[in-house]
Amino acid sequence: MFGTRKYSGEGFSTSRRDSQTTEFKPHMANRKYERHKSKRLKQDENPLPGTSRATKSKLRTEKIFNVPVYILDNGGYSAKVGLSTKDTANVVPNCIMKVKSERKRFFIGNQIDECLDLSGLYYLLPCEKGYVTKWNVQKPVWDYIFNNVCPIEENPVIMTQPPFNFKAIQEITDEIFFEEYEVKAIYRANPTDFAYYQYNCNAKGDKVPCIIIDTGFSFTHVIPYIDGKKYYKAAKRIDIGGKLLTNYLKDIISYRQLHVMDETYIINQVKEDSCYVSLDFKEDMKIAGLQGESNTIIRNYVLPDFNNIRRGYVQKPEDSSVPEGCQILRLNNERFTVPELLFHPSDIGMDTMGIAEAVVKCIFNCPEKYQSQLAQNIIVMGGNASFEGFGERLYKEVRSYLPDHWKVNVYKPENPITYAWLGAKSMSEDPKIKSLLVTKEQYEEHGPHFTYERFSDWLQAKKEDLDSSPMVEVKPTTESVLLKANFSRKDLFGKYDPDLEENSNNEQKSEILDTGFSVFTNPNESKNITDDTSRSSKSSDIISEGASQSVSSDSANKNLDSEVFICNTDENSSCTNAYPSGLNMLDTYDFDIFNQGFV
Amino acid sequence: MTISKLTLRGSARLKEVDKCKIVDETSRRRRHRKNMEILEADNYHEDPHADLVMSKKIPKFDENLETRTRSRKKEKNPEYYQAKFRKHILQLLEEDRMEAEITGRYSYQDLVAEDTDHPARHFCAVCGFFSQYVCLACGMRYCSIKCMDTHMDTRCLKWTA
Ligand SMILES: [Zn+2]
Ligand SMILES: [Zn+2]
């Protein structure tokens, strides 16, 4: 549903050099906002004075906490960190590094910017398989971030954790944050939970079923959200991430032309600068096989010499001069066969399915009545989504698998790397965040088990309906439960839901959504949501099937995003549905502690 | 074993192939596993300064940040949490699996994507383009005589099997 602007081939992706940049472009976002400001004020029932977006969100946040919220998206390769009053996150390497040329010191996080010679860089990474296990690495990096990058004071903390983040890991995290850092309150959720919030907070309180693909350094998750919760039965993890892609590129370059096995850092940059996802793999293979000028894929990559050139770069095709003393990599099919692994893991002998296939399987593992809506709300995030062509390729493949009369939309945020951080920022401005946070007092009273249960929605994700089948069948680990597809009469937690049955036959899809604001019911009304959501995708990339539709600024203004959602929020209402986690919210907590603690 | 490319030319090479025993499935699978390990490694090379130890206090805090509310005495040695944690990732996965089995919930293991339905595509192990030929000895692929020569000289498993 997000946007029906037809994909024109332009503006989908930033240029290759830019595709990995993590810089925020505030002028893009703000300009649009400014344009609608006056009109929005007329409609806003409780307008606050001084309504630039920044001030307003700041006001709101401070009304909740008196201090900004500290937001940390703790990725396996980079941490995205910043206060909720900031427009964008700082991206800091979440690792400690050693270099050959410097035998006396470590480089923690972005201290690496001080290092002159990055050759032979050695990583100490905090994660294994995406989970923090090396605390003698993670702790110093956090210390560095919390002291030097973005100092923490009395702020409540919102941070990310991977799905199934294990109990022992959460316990240590709690100990560090509550006991050593003396943080007043914490909330943790998966990056996709925040992305889900961000995607939906533009849609006026309606929670659209969607599939979020988070493809990062350690792994790739494909997670469907239905009615505000993850639908675990259809969620999938592909064990391919940016680390594997870099290592693969390192391997084939080392075998074919230049030994670079020790240069993970540099080859990672080569990957970021030169690789792309092919839209037509066979055709690109053909082109890469051509000689001379008809080969439009081949490029020279000038490697850094750490004297004149600190970061390597792709040479323009017409430029064949070699800077003195520099080494050149010749990149041909390497440019697209590497990211291709995301879509065809079998290319390196892995049995697992690729991302597009997983998305399609995921859709069909979900209850039938949600399927076509899920196909219309596919969101990609994480570092690998920054590859040029990633969104288009996913769209193209998913499109080819699904029935013709279904709409397919793939939404790629302007910056897929900081999208989760952005979602957490939006959530921090929602009064409901209060009921999600666990305070230091609660932690001290109830112990680490309390936080584990509050922050682990998978604990509620039961495989079978325990009431109707008292014998719990323990499955062998190798058998995937995802293959079983008779689920239409049950909701996520196995409860019988007659509505599901009745509505499953292409009923009006508006009924799926929670409240009012009918969507997709008839063509006229669906235009509203289209315009509304196209606003949310400001300066972002959408690939969409269907007629091209220009954005009317008037109607775009009409259903203004999170502002409206938040202003209309009843603080005391149950927020079970409003949040991605499947937790039971306890609204009765005494949160006076905030007002006392943060004055 | 070092065998120069020259000795493998023409009939000499064919003779070599005859002599080589065919690499069995187990070795091929071992090769695949070893390749995957390399692809999942944080680094390929050894720690260049393995003796370098983190000092107890993280160096170079800004002086003006010392006024923060955090009490110094609560700061733990970097090794404290690691010593307390002491868990291998496989142990964590197993604990998760057991907890999930008891309560009937989904676990990390359950999320792994199924095998693909699509047939594998075949690429030359040397140059990366599509390939039609399989090395009889080790099962890797090549696309041309030139790539076959390179393969025979380098990564062909017949030498290590
Ligand atoms: Zn070849
Ligand atoms: Zn061979």
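Residues numbered from 1 in each chain as written. Chains lettered and ligands numbered in written order. Predicted model: local features only at pLDDT ≥ 70, side-chain atom pairs only at ≥ 80, totals over all residues. Heavy atoms only, no water.

**Student:** How should I be thinking about the overall build of chain B in this particular structure?
**Tutor:** Secondary structure assignment for chain B yields 5 helices and 2 strands. Within chain B, buried positions represent 39% of all 161 residues. Within the structure as shown, chain B displays about 10100 Å² of accessible surface, and the carbon and sulfur contribution to it stands at 55%. (Helix = DSSP H or I, 4+ residues; strand = E, 2+ residues; numbered from the N terminus. Buried < 20%, exposed > 50% of the residue type's maximum accessible area, 1.4 Å probe, protein only. Areas by Shrake-Rupley, 256 points an atom, 1.4 Å probe, with all protein chains shown as cover.)

**Student:** Whenever I open this one, the domain arrangement of chain A confuses me. Can you help?
**Tutor:** The accessible area lost on association of the parts is a frequent measure of interface size. Residue and element names in this part refer to chain A. We note that the domain assignment places domain 1 (64-189 + 431-464), domain 2 (205-240 + 349-415) and domain 3 (242-341) within chain A. For domain 1 versus domain 2, the distance between C-alpha centres works out to 27 Å. Each side of the interface is counted separately: domain 1 has 12 residues, and domain 2 has 7 residues. Buried area between domain 1 and domain 2, both sides added, is near 760 Å², and the carbon and sulfur share of it is 72%. Area buried by domain 1 at its contact with domain 2 is led by Y77, P163 and D457, which between them contribute 43% of it. Where domain 1 meets domain 2, there are 1 salt bridge. At the junction of domain 1 with domain 2, the criterion picks out 2 residue pairs in polar contact (both at pLDDT 80 or more). Class assignment of the residues belonging to the side of domain 1 that touches domain 2 gives a composition of 8 nonpolar, 2 polar and 2 charged. (Domains from an automatic or database assignment. Contact = heavy atoms within 4.5 Å. Buried area = accessible area lost by both parts, 1.4 Å probe. Salt bridge = Lys/Arg side-chain N within 4 Å of Asp/Glu carboxyl O. Polar contact = N/O pair within 3.5 Å; in protein donor to acceptor, adjacent residues only side chain to side chain. Nonpolar A, V, L, I, M, F, W, Y, C, P; charged D, E, K, R; others polar.)

**Student:** Hey, could you run me through the environment of Y81 of chain B in this one?
**Tutor:** Position of Y81 of chain B relative to the elements: it lies in helix α3 (residues 78-85). Residue classification places Y81 of chain B among the buried positions, given a relative accessible area of 0%. Between the alpha carbons of Y81 of chain B and R31 of chain B there is a distance of 36 Å; along the sequence they are 50 residues apart. Those residues in contact with Y81 of chain B that sit more than four places away from it in its chain are W135, K139, I172, E175, I176 and E180 of chain A together with K76 of chain B.

**Student:** Got a minute to help me understand the pairing of strand β3 (residues 90-93) of chain A in this structure?
**Tutor:** For a regular strand, side-chain orientation follows a simple rule: the groups alternate between the two sheet faces. Residues and elements named next belong to chain A. Bridge analysis of strand β2 (residues 78-83) against β3 gives 4 bridges, and the strand direction is antiparallel. Bridging across to β3, V81 finds its partner in N90. Joining the antiparallel neighbours β2 and β3 is a turn of 6 residues. (Pairing = 2+ DSSP bridges.)

**Student:** Looking at this structure, how should I read the packing of helix α10 (residues 355-365) of chain A against helix α12 (residues 390-401) of chain A?
**Tutor:** The angle between the axes and the distance between the axes are what describe a pair of packed helices. All names here are of chain A. Viewed as axis vectors pointing N to C, α10 and α12 meet at an angle of 45 degrees, and their least axial separation amounts to 9 Å. Our classification of the angle between α10 and α12 gives oblique. As for the relative orientation of α10 and α12, their crossing is right-handed in sense. Of the residues in α12, those touching α10 at I355, A356, E357, V359 and V360 are F390, L394, E397, V398 and Y401. Among the residues making up the contact of α10 with α12, the classes are represented as 8 nonpolar, no polar and 2 charged. (Axes fitted to C-alpha atoms, helices over the stretch in contact; angles between N-to-C directions. Parallel < 35°, antiparallel > 145°, perpendicular 65-115°, else oblique. Left-handed = near helix turned anticlockwise from the far one by under 90°.)

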